[in-house]
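Given next are the chains, with one letter for each unit.
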Amino acid sequence: MIESIKKKQLDNIATWMLPITQTNLPTPLKGVFFMDGNPLPDTCITMYNLEWDTQNLSLVLPVFAPVQWTFHNSILGWLLLVGAQLARFTYKIQFEDETLRRSQILPFAFGLPIPKWIADFTMNQDENSQNGEIWQRKNVWFGVIPGLGDYTLRKIVDENSRYTPAFTDMLAKVQNECLVIVRNSKDK
């Protein structure tokens, strides 16, 4: 399957960042999420179209997969997008238990896991969040540098393709035009 890069608009993200394949993804993980405060040039993600491993309470999120991730329409955004494609950058999100409140994120590059002593990432549902609306992404680098690159993951489109209150806040913080990896055959 040939993939390409397209420019899309975030103000209508609910019309193009959609579930295409039915999976057994748990409700708190459904929707589109804004990486609020992320210092890197990427903006939104979805976990749609990914297989949920019910036995291991985990899923694999390829950054380079079509319509999974949005990048800034900038030189740095292009570099991050192409770097993610070349390195086949992927996250495995491993939840602690069935409550799906706490998880460890294991990054992979070139098919190899990045050791936890280099990059220790977590994603924990905010204590005031009832159904996956808000998650805290925390990072510890080299075992001793906490907080660098931390951000809040906010659901901006719910599982019914409706915009949440966080959607308007996101539009006020980012440029509307973004870059997305698409399949040439479908997502033009």
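Read on for an overview of the structure. Values in this document were obtained by computation on a predicted structure and should not be read as measured data.

A few words now on the overall build of the protein. A tally of regular secondary structure across the protein gives two helices and 13 strands. Once the C-alpha set of the protein is aligned to its principal axes, its extents read approximately 40 × 35 × 35 Å. Per-residue burial for the protein yields a buried fraction of 47% across its 188 residues. In the protein, the share of contacts with a sequence separation of at least 24, taken over all contacts with a separation of at least 6, comes to 60%. Here the protein contributes 18 positively and 19 negatively charged side chains, and the mean placements of these two sets differ by 6 Å.

According to the stated counting rule, one finds zero disulfides in the structure shown. Residue Cys44 stays outside any disulfide, its sulfur separated by 7.2 Å from that of Cys178, the closest cysteine. Take Cys178: its relative accessible area is 1%, and that puts it in the buried class.

Nonpolar side chains collect at one region of the surface, where Trp117, Phe142, Val144, Ile145 and Leu148 lie side by side and expose about 580 Å² of accessible area between them. Locating Ile145 in the fold gives a position in strand β11 (residues 145–146).

Moving on to the side chain of Ser129. By secondary structure assignment, the location of Ser129 is in the loop between β9 (119–125) and β10 (134–141). There is a polar contact of 3.5 Å between the side chain of Ser129 and the backbone nitrogen of Gly132. Within the structure, Ser129 has its side chain in polar contact with the backbone nitrogen of Glu133 (distance 2.9 Å). What Ser129 contacts, discounting residues up to four positions off in sequence, is Arg101 and Ile134.

Among the nonpolar cores identified, the biggest contains 34 residues, and Leu29, Met47, Leu59, Leu61 and Phe95 are the most heavily contacted of them. One finds Met17, Val32, Phe167 and Val180 within the second-largest nonpolar core, a separate group that totals 17 residues.

About the thresholds
Residues numbered from 1 in each chain as written. Predicted model: local features only at pLDDT ≥ 70, side-chain atom pairs only at ≥ 80, totals over all residues. Heavy atoms only, no water. Helix = DSSP H or I, 4+ residues; strand = E, 2+ residues; numbered from the N terminus. Buried < 20%, exposed > 50% of the residue type's maximum accessible area, 1.4 Å probe, protein only. Contact = heavy atoms within 4.5 Å. Lys, Arg positive; Asp, Glu negative; His and termini not counted. Charge placed at Lys NZ, Arg CZ, Asp CG, Glu CD. Disulfide = S-S within 2.5 Å. Patch = residues over 30% accessible without salt bridge, like charges linked within 9 Å, V, L, I, M, F, W, Y side chains within 5 Å. Areas by Shrake-Rupley, 256 points an atom, 1.4 Å probe, with all protein chains shown as cover. Salt bridge = Lys/Arg side-chain N within 4 Å of Asp/Glu carboxyl O. Polar contact = N/O pair within 3.5 Å; in protein donor to acceptor, adjacent residues only side chain to side chain. Core = buried A, V, L, I, M, F, W, Y, C linked by side-chain atoms within 4.5 Å.

Without other data, these values stay purely geometric and don't point to any function.
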